[in-house]
Structures are given as structure tokens and as C-alpha cells.
Amino acid sequence: MSELAPIADLGGVVLCGGESTRMGQPKEWLLLGEEPLLTRVCRLLSNCVDPLVVVAAPGQRLPPLPAQVRILRDPQPQAGPLAAVAAGLKHLQGNVSAAFVTACDMPFPQRGVISHLFAKLTRYAVVVPVADGYHQPLMAVYRTDLAETFAGMAQHGEKSLWRALRTVAGDGTPPAEGWGIKHVSVAEICQHDPELRSLLNINTPRDWEHIQQMFHP
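This report concerns the structure included in the present document.

Thresholds, definitions, all that
- Residues numbered from 1 in each chain as written.
- Predicted model: local features only at pLDDT ≥ 70, side-chain atom pairs only at ≥ 80, totals over all residues.
- Heavy atoms only, no water.
- Salt bridge = Lys/Arg side-chain N within 4 Å of Asp/Glu carboxyl O.
- Helix = DSSP H or I, 4+ residues; strand = E, 2+ residues; numbered from the N terminus.
- Core = buried A, V, L, I, M, F, W, Y, C linked by side-chain atoms within 4.5 Å.
- Buried < 20%, exposed > 50% of the residue type's maximum accessible area, 1.4 Å probe, protein only.
- Contact = heavy atoms within 4.5 Å.

### Here's the deal with the pattern of salt bridges
- One pass over the structure, following the stated rule, counts five salt bridges.
- One salt bridge connects Glu-188 with Lys-120, and the closest N-O pair in it is separated by 3.7 Å. On the criterion of sequence distance, the pair formed by Glu-188 in helix α6 (residues 186-192) and Lys-120 in the loop between α3 (111-119) and β7 (126-131) is long-range, its members being 68 residues apart.
- As a salt-bridge pair, Arg-197 and Glu-195 come within 3.9 Å of each other at their nearest N and O atoms.

The structure is reproduced here in C-alpha cells:
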């Protein structure tokens, strides 16, 4: 991906504070080519979004990152992805109206896909792809003013980003301005990413082997 100006009014949040239980080792340090996974994701996203923040666990050691990337430490360790997303969105409030939210184990972010998701935001609060019947909340665009809603849910013990999205979705009636979810189909993603590489993530050593086979420097 060549260097391009960031998409106007769109920031980014990268989560990397998970325990990587199924992988068995910290995913942010996995080398794709000669580059740690988190370094790669942030480098590619820096050409798409600005500001860009990484939400990490307290004390978590991170690989080198682009100079403009801000590192946040999760205010609620082991509170799950919802609290981490809330922290990232809160940091971006006042700078941008929306943020692309992803994780360090999704190594193939595509500018065309990110731009398409942001363009679909219009009156909605979240734009999220749906693949094989499953939502992809860590490859989605969120309004930054969701920070307070998500933080409040996290403070009451909610950890699931998916359940937070169900709250935002409401009861199925036409949403008020700035509320509700816009679903994006795989067919739409394919227009910008024919191989659907942007939807790939790493949970297990087998996933990692598949990603390495796909990688071309």
C-alpha cells in the first residue's frame, strides 16, 4: 500500500491487549516477513486514518510503532474488548467523528474497504461487515460519540462488543440520527477486496500458518 493522505475525519483504534490463549504466544510480536504483526497493522493503517491509537494491556511490551501512533493502556485490565474500544473512542473524541476499529491479528487492512465502510456511516452509529452470518465488530467503523455508552456498559460488567452492538442496533425500527447499525455484505467488501483478505484474522497456530502462506512481501 503506497503512502496516501489519511481519510478525512476518520481515526483508528487497534486492540492488542488480549491474552492470545489459543495462539499460545503474543500475537503482536509474530513476524510476518521481517515485521511484527502490530507494527505492520499500524504502518498500513497510518496511510488510512489519523489519529491512530493502540489500546494495550498495562505493562504489555509492544514492538516498535510509527511515531505518530498513540499508545493507551487499558483502564480495566481483562475487561474484554468493549472497554478497550470505549477507551480508544474516548481518546479520539473531539478530533474525528468516527474511527475504524480493528485488532493486531488482522494483518491485511485494505484502504478501499475502510473508505467504503466510512462512506456508509451517514446517519448510523456503526457500520459492520457480516460474513457467513457473523458480524465482524473488529473490522468496523464506529462513531466516536459511542464512547460514553460503551464505557458505561463496560463499567457494569459487560465485556462483549457484540452485545454492545445489539444495544446500538435497537429494536429494529428505523434508527434515530446517529444511532443504529448499517450491515455491509461480503459482496460489497469483494468490490474492494476480491480475496477478502481484510476479513482474515489469527486465533490459532493453524490460522497463522495460513496467513504466512498468503503473505507476499
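### Notes on the nonpolar core
- Formed by 32 residues in total, the largest nonpolar core has its most connected members in Val-14, Leu-38, Val-54 and Leu-117.
- Every element with two or more residues in this core is listed here: β1 (10-15), α1 (37-45), β4 (52-56), β6 (98-103), α3, β7 and β9 (139-143).
- In contact with Leu-117, other than residues within four places in its own chain, are Phe-100, Val-127, Pro-129, Met-139, Ala-140, Val-141, Val-184 and Ile-189.
- Counting residues in hydrophobic clusters, the runner-up holds 31 residues, among them Val-55, Val-126, Met-153 and Val-168.

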